[in-house]
Protein chains: 2
Amino acid sequence: MKIGELGQIAQCTVETVRYYEKEGLLPQPERTSGNFRSYGPQHLERLRFIRNCRALDMTHGEIRTLLEVMDAPAAGCGRVNALLDEHIGHVDARIAELMQLKLQLGELRHQCKAEQPAAACGILQGLVSMESEARQERHTHLG
Amino acid sequence: MKIGELGQIAQCTVETVRYYEKEGLLPQPERTSGNFRSYGPQHLERLRFIRNCRALDMTHGEIRTLLEVMDAPAAGCGRVNALLDEHIGHVDARIAELMQLKLQLGELRHQCKAEQPAAACGILQGLVSMESEARQERHTHLG
DNA sequence: CTCACACCCTGAAGCTACTATAGAGTCAAG
DNA sequence: CTTGACTCTATAGTAGCTTCAGGGTGTGAG
């Protein structure tokens, strides 16, 4: 099948497919006489795998690790388990950060009840005078 | 004061300060005879404002909007209130996404209890066969 | 046969918010 | 007069794509 069909089935754009190829996540497929990429079912499976990992917000690095394990089916899957545990930790950490953020934002929002001249707006005043503690180091790749 | 001092007080690097200037968030300061940037208290206040907004995960675009309102103190602050509400919506949406993600990851994690050959690993199998529903459009800039 | 049109190709640039690096200049103290 | 801390500019790199420019391929209609 050609790249457009592959992308459609795997729910991503052709540009993304080509990008994964350039990144080495997806192997280079055969080409037709007209130089079009020609994919088989094994490419689709691998692309699905990658998209599923991405849907779980894994990085390309994490995905690469998983693919390496997959490509050595006789080796142990310990790295997979460890990677998933770590990734779940990332998600937990980010959720906690965002909950904290939400609290702060809610507080700030209450500083201004209704539209008024900007000079008197409690939100803007709050943003000027806030003391944001030094942001701790990130323990997650989630933005 | 010079850029190093400014950065230290506002808890950011000198590179970040110069970057904000290039982005137009921070006005260009006077220069000393030796071409060093020379900042006054109004620069510090504005930089603090920016850093506080960033600590709340606002984008430069959002911050630019807030700064525009601040620079027209007689105009209404309706846009500020709306922007904050929207931003809180972003945070809520991202939290919901991540909670869903965590559920999926937890389920996946249980597919493999202990290390075993990769070919038999339930996690890898799950990642191949998962049907990730087409990712809905992002309603948030939060990663 | 030729034309339009949908699809494909490559390579490079753009996006966000920085961070890092190279190579050079400024300035105060010893 | 030299050392060292600081500053300057310009450029490239980060992640994971998206968008664009400028072309080539293949198919159905007229």
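Residues numbered from 1 in each chain as written. Chains lettered and ligands numbered in written order. Predicted model: local features only at pLDDT ≥ 70, side-chain atom pairs only at ≥ 80, totals over all residues. Heavy atoms only, no water.

Caption draft 1: Inspection of the packing of helix α2 (residues 14–23) of chain B against helix α3 (residues 41–55) of chain B at higher detail. All names here are of chain B. Two elements in contact, α2 and α3, have axes separated by 12 Å at closest approach and are oriented at 100°. One way to sum up the angle between α2 and α3 is to call them roughly perpendicular. For the pair α2 and α3, contact is made by Thr 16, Val 17 and Tyr 20 and by Leu 47, Ile 50, Arg 51 and Arg 54, respectively. Classifying every residue of the contact of α2 with α3 by side-chain character gives 4 nonpolar, 1 polar and 2 charged. (Axes fitted to C-alpha atoms, helices over the stretch in contact; angles between N-to-C directions. Helix = DSSP H or I, 4+ residues; strand = E, 2+ residues; numbered from the N terminus. Parallel < 35°, antiparallel > 145°, perpendicular 65-115°, else oblique. Contact = heavy atoms within 4.5 Å. Nonpolar A, V, L, I, M, F, W, Y, C, P; charged D, E, K, R; others polar.)

Caption draft 2: Up close: α2(B). All names here are of chain B. When α2 is considered as a whole, its buried residues turn out to be Val 17, Tyr 20 and Glu 21. Considered in projection along α2, the buried side chains sweep an arc of 100° and stay on one side of the axis. Of the residues in α2, the exposed ones pointing more than 90 degrees away from the buried face are Glu 15 and Lys 22. Those residues of α2 that are buried lie in contact with α1 (3–10), β1 (30–31), β2 (37–38), α3 and α4 (60–70). Phi for Gly 24, located one or two positions after α2, is positive at around 80°. (Buried < 20%, exposed > 50% of the residue type's maximum accessible area, 1.4 Å probe, protein only. Arc of directions from axis to C-beta.)

Caption draft 3: Inspection of the nonpolar core at higher detail. Counting 78 residues, the largest nonpolar core has A:Leu66, A:Leu127, B:Leu66 and B:Leu127 as its most contacted members. Apart from the residues within four sequence positions on either side, B:Leu127 is in contact with A:Arg48, A:Phe49, A:Asn52, A:Cys53, A:Leu56, A:Leu66 and B:Leu108. (Core = buried A, V, L, I, M, F, W, Y, C linked by side-chain atoms within 4.5 Å.)

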